[in-house]
Amino acid sequence: MAFVTANWNPLGEAFYRKIELYVMGWNLKEGLKDCLIAAAPYGGPIALLKGHQKRSPTARPQLEIYSASGSLLASFLWKSGTVVALGWTVSDDLLCVQEDGSVLLYDLFGDFKRHFSMGNEVLQNHVIEAKVFHSPYGTGVAILTGAFRFTLATNIDDLKLRRLPEVPGLQGAPSCWAVLTQDRQTKVLLASGSDLYILDNTSCTAVTPPGIDPQVSSYIQMAISFSYKYLALFTDAGHVWMGTSNLKEKLSKVDTKVRTPPKQMVWCRRPKSQQPSVVVMWDRLLLVAGECNETIQYHLDDDSILIPELDGVRIINSTHHEMLQEVPGPCEEIFKIASMAPGALLLEAHKEYEKESQKADEYLREIKEQSLLGEAVRQCVEAAGFEHEPETQKTLLRAASFGKCFLSNFPPDLFVSMCRELRVLNAVRDYTVGIPLTHPQYKQMTVQVLIDRLVYRRLYPLAIEVCRYLKIPEYQGVSRVLKHWACNKVQQKEEPDDVIARAVNQKLGDAVGISYSEIAARAYECGRTELAIKLLEFEPRSGEQVPLLLKMKRSQLALSKAIESGDTDLVYTVVTYLKNEMNRGDFFMTLRNQPVALSLYRQFCKHQEQDTLKDLFNQDDDHQELGNFYVRASYREGKLEARLAALQSAVDEYNKAKNEFAAKATEEQMRLLRFQRRMQEEFDRPFMDYSLQETLHSLLMEGRIRPAEQLYKDFRIPDKRYWWLKISALAEKEDWEELEKFSRSKKSPIGYLPFVEICVKHHNKYEAKKYVSKVTPEQKVKAHLAVGDLEGAAEAAIERRSEGEISLVLSHCPPSADRSLVDRLTRARTTASKK
């Protein structure tokens, strides 16, 4: 703690410090010299392409990928074209831009993922320079071709190439250029001599930075800040101009007193800092320039590279990995020599308390008298987040905890969350993990992205522990990590299928939010079909199993799973797939072995594919269903002959099925159709598909007695039904004379009560009374009541001595009925009830 400020250097009103992150674990014999290097931001991995400048056909370049601590992750010989630039995507995939415009993507462990081209123009003119950049749209690639034209791809995951306008009068490559994002648009800023141009989608605009020295003859280097808000320009006079990236405001101009072109220049601005600062690097010199003419200089012992970060600059050489940054405000307030800030006093109070000195009380009193104890605790907690060394973190947090004891209402969230986050950060900063995240970087990237990066590096146990420690919901945390682990596990080809399937099931069990079908799909993509099938056995949702089984050409198993699920839509999906994939014979044979699927397919064919349904019945020799099919088909035929042919086929099939009832019923239907055809031919009657009864009734209504009689005889219509139809038709026509003749033609098989009722129904009681005398004794009472003859009904009921009939007559007697008649009926009912 006594040496916290030992590496601080003042610059203007701020201090800068250089912290050692790691002693690098790699063993680079030649250092970083002649290496093409790319390091990912947020403490990401480092890629080195060694020997890329040696164009020997026998000596191939070596591509190596390391963690930020120098642990080797992947190494392989480069067998493709000449590489111009390396870069990392936002998801830690390595981009290799080749001279021919091809861009190859590799994962963190050197496995090839995919490639794409930057277009024919780039192919023809080759790539001079390339830059990989990050924007709100994703990872982009900018290409400068041999024709001195720029081509952009703003998002490599949704590749849309843009060729930027030509720069007027540009005869050679720009002295320097950079990609920037302004107003939701990606642009290129380039320098040609003393001129600056901005290229957007449609135009090339010349710009002049405010406050720039008029004597500037060329711009040698430029740098865009991490947030794309600020721009730095290095001139041939050795001056560094700093301002906003829209070139509307100058922030500072510093004379470095070095005119040699720098190897690198990057921004070193801390978020919310008021001071602009740029780090410029030469072969053995590192210079920090701010808002004053003073600079900070560091000597470099070895070739180094600079990696700009959100809150500083990482410096990597062959032996060390360091972080250069502006000292954060809370740290400066607490550790600055002779500081009287509340946090500094609280830290001193805690030190004295541990020494059991009464000075601790004096320091506390001084803070309390100013009512700044809460502020002191906050300063200590925030400063702990900015410190890299765990011991310094603990000292600050212990001081904050000490101060909290004297506050009754200090919210604990800040302290608790900082302790948790620092524990996670210290775990991932460990040399074996090699992700040197700062607290601001961690807050910017979010814990979900950090877990993704751990998973991507296959650090599954650590990722799971982080999820559990931070109490992340299972489906977002542990389950997601386990799914990635399982997807990686199924790619291990040295282990047998049974062992992997069992291990995956034991590890995952019934974890929330995990789909075995996704893991099985990954296994199938790796060529392990049998393993995919075994994994699908653990998938409880058939809707997830079936599509993958179909994709794997395991249609029989897919059909069985669909049937087991009871989901008819799923069964239909499989059956439709089988129908399109198989020949007709194999398809039908498959369905025969699955009765449920066959039944559902038949239901489908009834409505959609009638011919296919007939083929199914033919194949099964199902004569009964074939007969039913032909009967239904007959109703769809418009011509009589076609209907008769279909019905004859139905009769033949019913006979083969030995269903005499169905055959006879169909034959009756055929006779009716033939009769209707005769009606059409002989009596010019339109053919109508009525029932036999409707046909007969319509003939009688039309007075066509002869064809009606013929129909009655030909179809052996029961006498009772025919008499009913005829008297109904005559009554509807009000042909009372013909009705009376018909009643005398022969004895009625239905009796004469229907004659009475039909006449009454058509409001002709006069005609109805003619038939009352002809009714049987059992129907006398109803007949008299039908015509309104109450006296006659009473006489008939008393004569038959029927209690029920007497009661019926009494129920029809109105209140105004003859009293003597009512009394007589009452006495008769009493007498009848005593029998």
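Above: the structure in question.
Cut-off values and rules
- Residues numbered from 1 in each chain as written.
- Predicted model: local features only at pLDDT ≥ 70, side-chain atom pairs only at ≥ 80, totals over all residues.
- Heavy atoms only, no water.
- Helix = DSSP H or I, 4+ residues; strand = E, 2+ residues; numbered from the N terminus.
- Buried < 20%, exposed > 50% of the residue type's maximum accessible area, 1.4 Å probe, protein only.
- Contact = heavy atoms within 4.5 Å.
- Areas by Shrake-Rupley, 256 points an atom, 1.4 Å probe, with all protein chains shown as cover.
- Expected span 1.5 Å × (residues − 1).
- Axes fitted to C-alpha atoms, helices over the stretch in contact; angles between N-to-C directions.
- Parallel < 35°, antiparallel > 145°, perpendicular 65-115°, else oblique.
- Nonpolar A, V, L, I, M, F, W, Y, C, P; charged D, E, K, R; others polar.
- Polar contact = N/O pair within 3.5 Å; in protein donor to acceptor, adjacent residues only side chain to side chain.
- Phe/Tyr/Trp six-rings, centres within 6.5 Å; stacked < 30°, edge-to-face > 60°.
- Lys NZ or Arg CZ within 6 Å of the ring centre and 35° of its normal.
- Left-handed = near helix turned anticlockwise from the far one by under 90°.
- Pairing = 2+ DSSP bridges.
- Salt bridge = Lys/Arg side-chain N within 4 Å of Asp/Glu carboxyl O.

Enquirer: Teacher, can you tell me more about the overall build of the chain here?
Expert: Scanning the chain from N- to C-terminus turns up 32 helices and 29 strands. For the chain, with 835 residues in total, the buried portion stands at 50%. For the chain, contacts bridging at least 24 residues in sequence account for 50% of all contacts bridging at least 6. Looking at the chain as shown, the accessible area adds up to about 40,800 Å², and 48% of this sits on carbon and sulfur atoms.

Enquirer: What am I meant to see in helix α10 (residues 478-489) here?
Expert: At 3.6 residues per turn, the α-helix brings residues three or four places apart onto the same side. Taking 1.5 Å of rise per residue, 12 residues should cover 16 Å, and α10 covers 16 Å from first to last C-alpha, within 8% of that figure. Of all 12 residues in α10, 9 are buried; the element is thus mostly enclosed. Listed as buried for α10 are Val478, Ser479, Val481, Leu482, Trp485, Ala486, Cys487, Asn488 and Lys489. Turning to α10, the residues buried within the fold contact α8 (439-456), α9 (460-469), α11 (497-508) and α12 (516-525).

Enquirer: Can you help me understand the packing of helix α7 (residues 413-429) against α9 in this one?
Expert: To describe two helices that pack against each other, one gives the angle between their axes and the distance between the axes. Interaxial distance between α7 and α9 falls to 11 Å at its minimum, and their mutual angle equals 175°. Considered as vectors, α7 and α9 are oriented roughly antiparallel to each other. From α7, Cys419, Arg420, Arg423, Val424, Ala427 and Val428 reach across to α9, where they touch Leu462, Val466 and Tyr469. Looking at the contact of α7 with α9 residue by residue, the classes come out as 7 nonpolar, no polar and 2 charged.

Enquirer: Is there a simple way to think about the side chain of Glu121 in this case?
Expert: Tracing the chain through its elements places Glu121 in helix α1 (residues 120-125). A residue is classified by how much of its surface remains accessible, and Glu121, at 19% relative accessible area, is buried. Polar contacts involving the side chain of Glu121 include one to the side chain of Arg163, which spans 2.8 Å. When residues no more than four places from it in sequence are discounted, the contact partners of Glu121 are Arg149, Thr151 and Arg163.

Enquirer: Teacher, can you tell me more about the packing of aromatic side chains here?
Expert: To describe a pair of aromatic rings, one takes the distance between the centres and the angle between the planes. On inspection of all chains with the given rule, the structure shows 13 aromatic pairs. Geometrically, the ring pair formed by Phe150 and Trp177 is edge-to-face, given 4.9 Å between the ring centres and 70° between the ring planes. Separated by 27 residues along the polypeptide, Phe150 in strand β13 (residues 150-153) and Trp177 in strand β15 (residues 176-182) bring together distant segments of the chain. A residue is classified by how much of its surface remains accessible, and Phe150, at 1% relative accessible area, is buried. Consider the rings of Tyr230 and Trp267, whose centres lie 5.6 Å apart with planes at 35°: the pair is tilted. Placement of the pair is Tyr230 in strand β20 (residues 230-235) and Trp267 in strand β23 (residues 264-267), with a sequence separation of 37 residues. Using a relative accessible area of 17% as the deciding quantity, one classes Tyr230 as buried. Look at Trp267 and you get buried, because its relative accessible area is 3%. Every member of this aromatic cluster is reached through a ring pair, and the members are Phe76, Trp78, Tyr106 and Phe112. Its end group placed over the ring of Phe109, Arg458 keeps NZ or CZ at 4.0 Å from the ring centre.

Enquirer: I tried to follow the packing of helix α30 (residues 790-800) against helix α32 (residues 819-833) on my own but got confused; where do I start?
Expert: Interaxial distance between α30 and α32 falls to 10 Å at its minimum, and their mutual angle equals 20°. Our classification of the angle between α30 and α32 gives roughly parallel. The way α30 lies across α32 gives a crossing that is left-handed. Residue-level contacts link Leu790, Glu791, Ala794, Glu795 and Ile798 of α30 to Leu821, Arg824, Leu825 and Ala828 of α32. Across the contact of α30 with α32, the residue classes break down as 6 nonpolar, no polar and 3 charged.

Enquirer: Got a minute to help me understand the sheet that holds β13 in this structure?
Expert: Each strand in a sheet pairs with its neighbour through backbone hydrogen bonds, running either in the same direction (parallel) or in the opposite one (antiparallel). Spatially, 4 strands are ordered β11-β12-β13-β14 in an open sheet, and the strand pairing comes out antiparallel. Unpaired on one side and paired on the other, β11 (127-135) and β14 (161-163) mark the two borders of the sheet. When the angles between neighbouring strand axes are averaged without regard to direction, this sheet yields 20°. Bridge analysis of strand β12 (residues 138-145) against β13 gives 4 bridges, and the strand direction is antiparallel.

Enquirer: Is there a simple way to think about the pairing of strand β26 (residues 295-299) in this case?
Expert: On any regular strand, side chains alternate: one points to one face of the sheet, the next to the other face. Across the two faces of β26 the burial differs, with Ile296 and Tyr298 buried and Thr295, Gln297 and His299 not buried at all. Bridge count between strand β25 (residues 285-289) and β26: 5 bridges; the pairing is antiparallel. By the bridge assignment, Leu287 is partnered in β26 with Gln297. Joining the antiparallel neighbours β25 and β26 is a turn of 5 residues.

Enquirer: Looking at this structure, how should I read the pattern of salt bridges?
Expert: Any two side chains of opposite charge can pair, given that their charged atoms come close. Scanning the model with the defined rule gives 30 salt bridges in all. The salt bridge partner of Glu421 is Lys443, with a shortest N-O separation of 3.1 Å. With Glu421 in helix α7 and Lys443 in helix α8, this pair connects stretches of sequence that are 22 residues apart. Glu421 sits in the buried class, given a relative accessible area of 11%. Between Arg824 and Glu795 there is a salt bridge; the shortest N-O distance is 3.2 Å. Of this pair, Arg824 sits in helix α32 while Glu795 sits in helix α30; the two residues are 29 residues apart in sequence, bridging distant segments of the chain. Residue Glu795 is classed as partly exposed on the basis of its relative accessible area, which comes to 41%. Look at the salt bridges and you will find they share partners, linking Lys263, Asp283, Arg284 and Asp303 into a network.

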